[in-house]
Amino acid sequence: QVQLVESGGGLVQAGGSLRLSCAASGAIFSTNLMGWYRQAPGKQRELVASITSSGNTNYADSVKGRFTISRDNAKSSVYLQMNSLKPEDTAVYYCSTGTLYFRYWGQGTQVTVSS
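Here we summarise the structure given alongside this text. (Residues numbered from 1 in each chain as written. Predicted model: local features only at pLDDT ≥ 70, side-chain atom pairs only at ≥ 80, totals over all residues. Heavy atoms only, no water.)

**A few points about the overall build of the protein**
The cut-off we apply is this: Numbering goes from the N terminus for both helices and strands, where a helix is a DSSP run of H or I of at least four residues and a strand is a run of E of at least two. With the radius of gyration taken over C-alpha atoms, the globule rule is written as 2.2 Å times the number of residues to the power 0.38. Here's how the labels work: a residue is buried when its accessible area is under 20% of the maximum for its type, exposed when over 50%, partly exposed in between, all with a 1.4 Å probe on protein chains only.
For the protein, the helix and strand inventory stands at 0 helices and 11 strands. Listed N to C, the secondary structure of the protein is β-β-β-β-β-β-β-β-β-β-β in terms of helices and strands. Over its C-alpha atoms the protein spans a radius of gyration of 13 Å, differing by no more than 12% from the 13 Å that the globule rule assigns to 115 residues. Along the first, second and third principal axes, the C-alpha set of the protein runs to 40 × 25 × 25 Å. Split into buried and exposed, the 115 residues of the protein put 43% on the buried side.

Right, dumping it as structure tokens:
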């Protein structure tokens with residue numbers, strides 16, 4: 001079985017910070033590509049950030065300078081440090097992984113930013 005488990009979501013005031021964690025386990029051939037998506041109510045799902053096994057990163061324009069993605073290959077984990085949070089960051093955040101595309105998905109963790 002394949003499992004991706006997110007943690008670290010919650011309620012935070014605007015300007016605050018949260019750190020999301022995701023641990024991958026099971027029959028995953030490759031976690032070369034790891035990343036975070038988010039989806040807010042009534043809005044399209046958005047790729048927030050991604051990172052390859054070699055450390056190549058990409059960020060959505062909306063989070064550049066505020067969010068940092070990182071990974072721990074030994075733990076098959078990926079993290080998202082979210083600083084200077086805004087109400088528009090409120091969404092369910094999903095962890096995902098794959099070789100060259102996002103094949104496996106977690107169940108999501110809720111992030112709510114109050115004003």
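Further notes follow.
**A short note on the side chain of T52**
Just so we agree on the cut-off: Any two residues having at least one pair of non-hydrogen atoms within 4.5 Å are treated as being in contact.
Mapping T52 onto the fold places it in strand β5 (residues 46-52). In this structure T52 comes out as buried when scored by relative accessible area, which is 17%. Look past the residues within four positions of T52 in its chain and what remains in contact with it is N32, L33 and R71.

**Topic: the packing of aromatic side chains**
Using the following cut-off: In summary, the pairing rule links any two rings of Phe, Tyr or Trp, Trp by its six-membered ring, whose centres are within 6.5 Å, and it sorts them by plane angle into stacked for under 30 degrees, edge-to-face for over 60 and tilted for everything else.
Under the criterion given, the structure shown has 3 aromatic pairs. Ring geometry for Y37 versus F102: centroids 5.3 Å apart, planes at 85°, classification edge-to-face. One end of the pair, Y37, is in strand β4 (residues 33-39); the other, F102, is in the loop between β9 (91-98) and β10 (104-105), with 65 residues separating them in the sequence. The class of Y37 is buried, set by a relative accessible area of 15%. Judged by centre distance (4.9 Å) and plane angle (55°), the ring pair of Y37 and W105 falls under tilted. Taken together, the residues Y37 in strand β4 and W105 in strand β10 connect sequence positions 68 residues apart. W105 gets classed as partly exposed once you look at its relative accessible area, which sits at 31%. Aromatic ring contacts, followed pair by pair, group Y37, F102 and W105 into a single cluster.

**Things to note about the sheet that holds strand β8 (residues 77-82)**
Under the convention used in this document: Strand pairing is assigned whenever DSSP detects at least two bridges linking the two strands. Note on geometry: axes are C-alpha line fits, over the in-contact stretch for helices, and angles between N-to-C directions span 0 to 180 degrees.
Spatially, β1-β3-β8-β7 is the arrangement adopted by the 4 strands of the open sheet, whose pairing is antiparallel. Of all the strands in the sheet, the pair left with one neighbour each is β1 (2-7) and β7 (67-72). Going across the sheet, the axis of each strand differs from the next one's by a mean of 15°, ignoring polarity.

**Considerations on the state of the cysteines**
By definition, a disulfide links two cysteine residues through a covalent bond between their sulfur atoms. Where we set the bar: The rule for a disulfide is simple: a pair of cysteine sulfur atoms within 2.5 Å.
For the structure on display, the rule yields 1 disulfide. Between the sulfur atoms of C22 and its disulfide partner C95 the distance amounts to 2.0 Å. Given an S-S torsion of about -75°, the disulfide between C22 and C95 has left-handed geometry. Of this pair, C22 sits in strand β3 (residues 18-26) while C95 sits in strand β9, and the two are 73 residues apart along the sequence.

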